[in-house]
Amino acid sequence: TKTELHTPEITSGHVKGMAQYFGAELVGIARIDGPSPRPLQPRADPPLAAAGEGRGEGPESDLPFAVLCAVHADYDPRNAPGFGGQVPVQNGLFITFVLSAWIRELGYRATIVRDANTDALAAKAGMGTLNGQGRLVTPQFGSGVFVADAIYTDLPLAADG
């Protein structure tokens, strides 16, 4: 059952506070325009799509908000495959896993989506701006930031940015 909530602004504050409690250093909320991407699928043997299934169809298509969590990254995880470069990725996985579970405990849907567009969504959520390579640059960390996979949800929130 869905938990009775305050206003979307207060609920957004609670979501951001929980994300920070779990380790996020920057948190933003973006409104999703158009269909939502497909949810995160396991890397090995992903299920075959049925005829007519595709981006923006199915139960994920009506999740209007994305919660973006970012952590400071000394090294870009895309270029630093060693443990030191992957720490922000592991931190982001923990944060999004626990935060999405908390949102589901409130009675709302929350799906972690691996989307190549998380930096653009983070910029849309007011967390920073995009540089020439399409990477997020923040006032707090410059380009030394890693944006975790987005959490798409139907929890009533107030979008930033």
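The notes below deal with the structure included here. Remember, predicted model here, so these are calculated numbers, not experimental data.

Here is what the cut-offs are and how they apply
Residues numbered from 1 in each chain as written. Predicted model: local features only at pLDDT ≥ 70, side-chain atom pairs only at ≥ 80, totals over all residues. Heavy atoms only, no water. Phe/Tyr/Trp six-rings, centres within 6.5 Å; stacked < 30°, edge-to-face > 60°. Buried < 20%, exposed > 50% of the residue type's maximum accessible area, 1.4 Å probe, protein only. Core = buried A, V, L, I, M, F, W, Y, C linked by side-chain atoms within 4.5 Å. Helix = DSSP H or I, 4+ residues; strand = E, 2+ residues; numbered from the N terminus. Contact = heavy atoms within 4.5 Å. Salt bridge = Lys/Arg side-chain N within 4 Å of Asp/Glu carboxyl O.

## Considering the packing of aromatic side chains
For the structure on display, the rule yields two aromatic pairs. Ring centres of Tyr 21 and Phe 22 lie 5.6 Å apart, and the angle between their planes is 65°; on these two criteria the pair is classed as edge-to-face. Accessibility expressed as a relative area gives 16% for Phe 22, which makes it buried. An aromatic cluster of at least three residues, connected via ring pairs, comprises Tyr 21, Phe 22 and Phe 94.

## Structural notes on the nonpolar core
A general tendency of soluble globular proteins is for nonpolar side chains to be buried together. Formed by 24 residues in total, the largest nonpolar core has its most connected members in Val 67, Cys 69, Leu 99, Ile 103, Ile 151, Leu 155 and Leu 157. Elements that contribute at least two residues to this core include exactly helix H1 (8-21), strand S1 (26-31), strand S2 (65-72), helix H2 (83-105) and strand S3 (110-113). When residues no more than four places from it in sequence are discounted, the contact partners of Ile 151 are Phe 65, Ala 66, Val 67, Thr 96, Leu 99, Ser 100, Ile 103, Ala 110, Thr 111 and Ile 112. Listed in part, the 17 residues of the second largest apolar core include Leu 26, Ala 125, Met 127 and Tyr 152.

## Focus: the pattern of salt bridges
Going through the model one piece at a time under the given rule, you end up with seven salt bridges. Here Asp 160 makes a salt bridge to Lys 16, at a shortest N to O gap of 2.8 Å. Taken together, the residues Asp 160 in the segment after strand S7 (150-153) and Lys 16 in helix H1 connect sequence positions 144 residues apart. Residue class for Asp 160 comes out partly exposed when judged on its relative accessible area of 21%. Owing to a relative accessible area of 21%, Lys 16 belongs among the partly exposed residues under this scheme. The shortest N-O distance in the salt bridge between Asp 62 and Arg 109 comes to 2.6 Å. With a gap of 47 residues between them, Asp 62 in the loop between S1 and S2 and Arg 109 in the loop between H2 and S3 connect regions that are remote in the sequence. Residues joined by salt bridges that share partners form a network here, namely Asp 76, Arg 78, Asp 119 and Arg 135.

Coordinates in, geometry out; function isn't part of it.
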